[in-house]
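Coordinates in review
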Amino acid sequence: MSRHPVEAFRALFEPRGVLVAGVSTHPGKFGFVSLHNILASGYEGKVFGTSREPGEVLGVPIVASIDELPDGEIDLVFVCTPAPANADLLRACAKKGIRAAFVASAGYGEAGEEGQRMQHELVALGDELGMLVAGPNGQGVVSPPARLCAQIVAPYPPAGGIGIASQSGNFVSSFMNYAVQTGVGVSRAVSAGNAAAVSIPDYLDFYADDVATEVALAYVEGVPDGRGFFERTRAVAQRKPLVLVKGGATAGGQRAAASHTGSLASDDRVFDGMCRQAGITRTATIEEAFEAAATFATQPLPRGNRTVVLTTAGGWGVVTADAITRSSLSLTALPDDLRQALDGKLPPRWSRNNPVDLAGAETRDTIPEVMELIVGHPEVDAVLYLGLGIQSNQATLMRGGRFYPDHGLERIVEYHERQDARFAQAAAALSERFDKPVLTATELAVTHPTNAGPAAVRASGRVCYPSANRAVTALEHLWRRAQHLQARQG
Amino acid sequence: MPTLSEADSKRLLAGHGVVFPAERQVTTVDEAVEAAALLGHPVVLKLGGAGIAHKTERGLVRLGLGDAAAVAQAAAELLAAARPEDGEVHLLVAPMLRGNRELIAGLHHDEQFGMTVMLGVGGILAEAVADVAFRLVPITRVDAAEMIDDLATQALLGDFRGEPAVDRDALIDVLVGLSAAAEADGSIVGADLNPLIVVDGRPVAVDALVEVAP
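Residues numbered from 1 in each chain as written. Chains lettered and ligands numbered in written order. Predicted model: local features only at pLDDT ≥ 70, side-chain atom pairs only at ≥ 80, totals over all residues.

Some words on the overall build of chain B
To keep it simple, the criterion reads: Helix and strand labels come from DSSP, where a helix needs a run of H or I of at least four residues and a strand needs a run of E of at least two; each type is numbered from the N terminus. With C-alpha atoms as the basis for the radius of gyration, the globule rule is written as 2.2 Å multiplied by the number of residues raised to the power 0.38. Any residue surrounded by 20 or more other C-beta atoms within 10 Å of its C-beta is treated as buried, while 12 or fewer makes it exposed and the intermediate range makes it partly exposed; C-beta atoms here are placed from the backbone. By the criterion used throughout, residues are in contact when their C-beta atoms, derived from the backbone, lie within 7 Å.
The number of helices and strands found in chain B is six helices and ten strands. The C-alpha radius of gyration of chain B comes to 17 Å, within 12% of the 17 Å expected for a compact globule of 214 residues. If one aligns the C-alpha atoms of chain B with their principal axes, the spans along those axes are about 45 × 45 × 30 Å. For chain B, the proportion of its 214 residues judged to be buried stands at 45%. Taking contacts inside chain B between residues at least 6 apart in sequence as the whole, the part at least 24 apart equals 66%.

Here it is, written out as structure tokens:
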């Protein structure tokens, strides 16, 4: 368990008031940017600032001394002051009732012997004051449920269920940029910086019981206490999905060893086995990690691996079938009764197997009706829906062309866009109704995010995957977790 | 790291549930001939001892000895091949087991995560193929089953060239036994069961090497 009480994490992620220490008037400095981001993102608590040069910045009165601030109104201090000044600063903050600090200042463990000494003292001081000290040398902390964006970089992501903790601040930004792109939002995000007093597992412990967080997403490089990391992340993964990317996976080669087992043991193979054992969803890339996390946050777990592809685009169906066959998902044969039911809805040229390729045979209500038959069938565990947005893409071309709105173009454009939106809504509604994952994929999600199809997927709160292959990968992560949990039930 | 002899390695691991084929440890040619007759020909003969870790490389393993004369000759040659630095030596007489598939299992102390259990595809290409799965000690039977699932070469575990599919429960027993040994005996820092020959579907460890802390 974390040595920090839950209240201290609450002070970090849901502060009643925030103090920026070391406010600057220069819009390029951390002491300005952090204050700006807190204010611009709509933080609703009180905001205070200190600086050696008192005055007013962005409408916030800036005082010279913490002593001038009210007692008991501030929970979090965002520290931009130089490292040597911070010990006195934090002591003064503690007297005002501040329970958490995010130390953005550099010049600690990453900066030679003197920095390491100061980092050591910083940790001891936090313990002495009973204050949670995040960082140092981190980018900041973001908590959309509290409308808090206390960081020295962008973006401010939408609110959602993903809790992020990263050893690299840069990847906090990357994950949040994906959140902005997909619309699948963030509950908490923290750049652990040097992780002097608060480690990645500490944050994950908090996320595991945090009601705002549905899935944890972490980036780590080194793991100083391997056994401790295993035990703690396993406890987290028992409660919530935990998606993890490890940097430096290829760094540790095999070592010379007397035993064959030893010579086969590389750091990465052992780490991989540890993740499987702990129930961690390990991914190879940052985008795969975000998509896995976003899928856990927005789709139910499949009960089995029997997957059906529903497509209006033939080639995509074939390639997606290949991807499913290469995965641990099963491209299940269509049950006879389902095939017969679909025969009743479709003209004879449809594929009559999985993938269910409509082959251009659809009329106005075909797709929602066929989708309902497939998703609702008891021998189907998951569905991938391809071909969304193709007609709306044509609509976009028509709308922008010189013949619009004449020649019936206005009417057909509206029809296509209405239909694609309907199909996306049907996918989400059926997924909820039958409690099964239904994933939608098209590159139009990236090409034209405003296309009525992808836009409606986004409006439903789900991810429109940029390719079928990426949807297959995300679905396989869900299935692997479902298997892990099923194998350990009772 | 010091290693235990094959016989001592097997005794140690057998105490934690790893099953080994019946075999006899003897010291003379006559005893070897007698043991071979009891086990039934053909047999394997190996020269063992605490100082002997890599028998194959030194030519100290004789396979497929079909009758008493062959056993007697091989036993005499192996005893004569002992070197002074080998210390006390003995002969291991074991039934000759055949199978088209070889696995490897073992224990390894990882610097970061401590003791680990491994399962992999064995044979002379084991290290080149490197189709392996690791878990941290201790493992459950579920963990062990998932290690088997993790191997990429699943075709090797099903029906194979006229031989039945690998007995998963028996393989799980081996992995859980290795884990139990490591958990119970802190002096173990590494172990190899190499090869684990799949005989009529059952994984059988025909060799064992345990490394212990000095």
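Concerning the overall build of chain A
Check the secondary structure of chain A and you find 18 helices and 20 strands. Projecting the C-alpha coordinates of chain A onto the three principal axes gives extents of approximately 80 × 70 × 35 Å. Classification of the 490 residues of chain A by burial places 56% in the buried group.

Brief notes about unusual backbone geometry
Residues and elements named next belong to chain A. Each neighbour pair has its own omega, and for A154 with P155 the value is 0°, a cis peptide bond. Here P155 is to be found in the loop between β9 (148–151) and β10 (159–166). Cis geometry is adopted by the peptide bond preceding P405, which originates at Y404 and carries an omega value of 5°. Within the chain, R147 stands out as a residue other than glycine whose phi angle is a positive 50°. The residue R147 is located in the loop between β8 (140–143) and β9 in this model.

Some details on the environment of B:D8
Here B:D8 shows up in helix α1 (residues 6–14). A residue is classified by how many C-beta atoms lie within 10 Å of it, and B:D8, with 17 of them, is partly exposed.

Focus on the interface of chain A and chain B
Facing 21 residues of chain A, the contacting portion of chain B comprises 32 residues. Listed by contribution, the elements that provide at least two residues to the side of chain A that touches chain B are α7 (226–239), α8 (260–264) and α9 (267–278) of chain A.

A word on the pairing of strand β6 (residues 100–103) of chain A
Residues and elements named next belong to chain A. Under the convention used in this document: A strand pair is defined by DSSP finding two or more bridges across the two strands. Place the viewer so that the strands point away; then a crossover is right-handed whenever the path from the first strand over the helix to the second strand goes clockwise.
Of the two faces of β6, the one carrying A100 and F102 and the one carrying A101 and V103 are both buried. As paired strands, strand β5 (residues 76–79) and β6 are joined by four bridges and run parallel to one another. Its bridge partner lying in β6, F78 is registered against F102. Remark: the β5/helix α3 (residues 86–95)/β6 crossover connection has right-handed handedness. Note that β6 and strand β7 (residues 132–134) share three bridges and pair parallel. Bridge pairing in β7 links A101 to V133. Between the parallel elements β6 and β7, the chain passes through helix α4 (residues 112–129) in a crossover that is right-handed.

Re the sheet that holds strand β2 (residues 43–48) of chain B
Residues and elements named next belong to chain B. Short version of the rule: Fitting a line to C-alpha atoms yields each axis, with helices limited to the stretch in contact; the angle taken between N-to-C directions then spans 0 to 180 degrees.
A sheet is described by the order of its strands in space; here four strands give the open sequence β1-β4-β2-β3, paired in antiparallel fashion. At either margin of the open sheet sits one strand with a lone partner, and together these are β1 (24–26) and β3 (61–65). Between one strand axis and the next, the sheet turns by 20° as a mean value, whatever way the strands run. Pairing of β2 with β3 involves three bridges; the strand directions are antiparallel. Counterpart to L45 in the pairing with β3 is R62. Helix-sheet contacts for helix α2 (residues 29–39) involve β1, β2, β3 and β4 (90–95), and the interaxial angle to β4 is about 15°.

Topic: the packing of α2(B) against helix α3 (residues 68–80) of chain B
Residues and elements named next belong to chain B. Counted only if it meets this: Any angle between 65 and 115 degrees counts as roughly perpendicular, while under 35 counts as roughly parallel, over 145 as roughly antiparallel, and the rest as oblique. Crossings are sorted by hand: turned counterclockwise from the far helix by less than a right angle, the near helix makes the crossing left-handed, and turned clockwise it makes it right-handed. Three residue categories are used. Nonpolar comprises Ala, Val, Leu, Ile, Met, Phe, Trp, Tyr, Cys and Pro, charged comprises Asp, Glu, Lys and Arg, and polar comprises the others, including Gly.
Put simply, α2 and α3 touch, their axes get as near as 9 Å, and they point 140° apart. It follows that α2 is oblique to α3 by the angle criterion. The two elements α2 and α3 cross, and the hand of that crossing is right-handed. Taking contact as the criterion, the partners of V29, A32, V33, A36 and A37 in α2 are, on α3, A68, V71, A72, A75 and A76. Looking at the contact of α2 with α3 residue by residue, the class counts come to ten nonpolar, no polar and no charged.

Let's talk about the pairing of strand β19 (residues 438–441) of chain A
Residue and element names in this part refer to chain A. Judged by which residues are buried, β19 turns out to be covered on both faces: V438 and T440 on one side and L439 and A441 on the other are all buried. As paired strands, strand β18 (residues 382–386) and β19 are joined by four bridges and run parallel to one another. In the strand pairing of β19, Y385 is matched with T440. As paired strands, β19 and strand β20 (residues 464–465) are joined by two bridges and run parallel to one another. Counted as the bridge partner of A441 is Y465 from β20.

A closer look at the confidence of the model for chain B
Any segment with low pLDDT has predicted coordinates that should not be analysed in fine detail. Spelled out, the test is: How sure the predictor is of each residue is captured by pLDDT, a score from 0 to 100.
For chain B, mean pLDDT is 92; residues scoring 70 or higher make up 100% of the total. Confidence, expressed as mean pLDDT per element, reaches its minimum in chain B at helix α4 (residues 126–129) of chain B with 85 and its maximum at helix α5 (residues 141–150) of chain B with 98.

Some remarks on the packing of helix α15 (residues 409–434) of chain A against helix α17 (residues 452–459) of chain A
Residue and element names in this part refer to chain A. Contact pair α15 / α17: the axes reach a minimum separation of 8 Å and the direction vectors enclose 35°. Handedness of the α15/α17 crossing: right-handed. Contact residues: α15 offers E417, D420, A421, F423, A424 and Q425, while α17 offers A452, G453, A456 and V457. Residue composition of the contact of α15 with α17, grouped by class: six nonpolar, two polar and two charged.

With respect to helix α6 (residues 200–209) of chain A
Residue and element names in this part refer to chain A. The element α6 is extensively covered by neighbouring structure, given that eight of its ten residues are classed as buried. Within α6 the residues assigned to the buried category are I200, P201, D202, Y203, L204, D205, F206 and Y207. Taken together, the buried residues of α6 touch α1 (6–13), β10, β11 (186–191), β12 (215–220), α7 and β13 (242–246).

Digging into the sheet that holds strand β3 (residues 55–57) of chain A
Residue and element names in this part refer to chain A. The strand order across the open sheet formed by seven strands is β3-β4-β2-β1-β5-β6-β7, and the pairing between neighbours is mixed. Each edge of the open sheet is held by one strand with a lone partner, namely β3 and β7. Strand after strand, the sheet turns through a mean of 25° between neighbouring axes, direction not considered. Against the sheet, α1 touches β5, β6 and β7, its axis set at about 50° to β7. With respect to the sheet, helix α2 (residues 30–40) is in contact with β1 (17–21), β2 (46–50), β3, β4 (60–63) and β5, its orientation differing from that of β1 by roughly 160°.

Concerning helix α14 (residues 390–400) of chain A
Helical geometry: 3.6 residues make up each α-helical turn, so side chains three or four residues apart lie on a common side. Residues and elements named next belong to chain A. Convention followed: Taken from the helix axis, the directions to the C-beta atoms give the arc we talk about.
Those residues of α14 lying buried are Q391, S392, A395 and T396. The buried residues of α14 occupy an angular sector of 150° when projected down its axis, which confines them to one face. Every exposed residue of α14 that faces more than 90 degrees away from the buried side is listed here: L397 and G400. On its buried face, α14 is in contact with α15 and α17.

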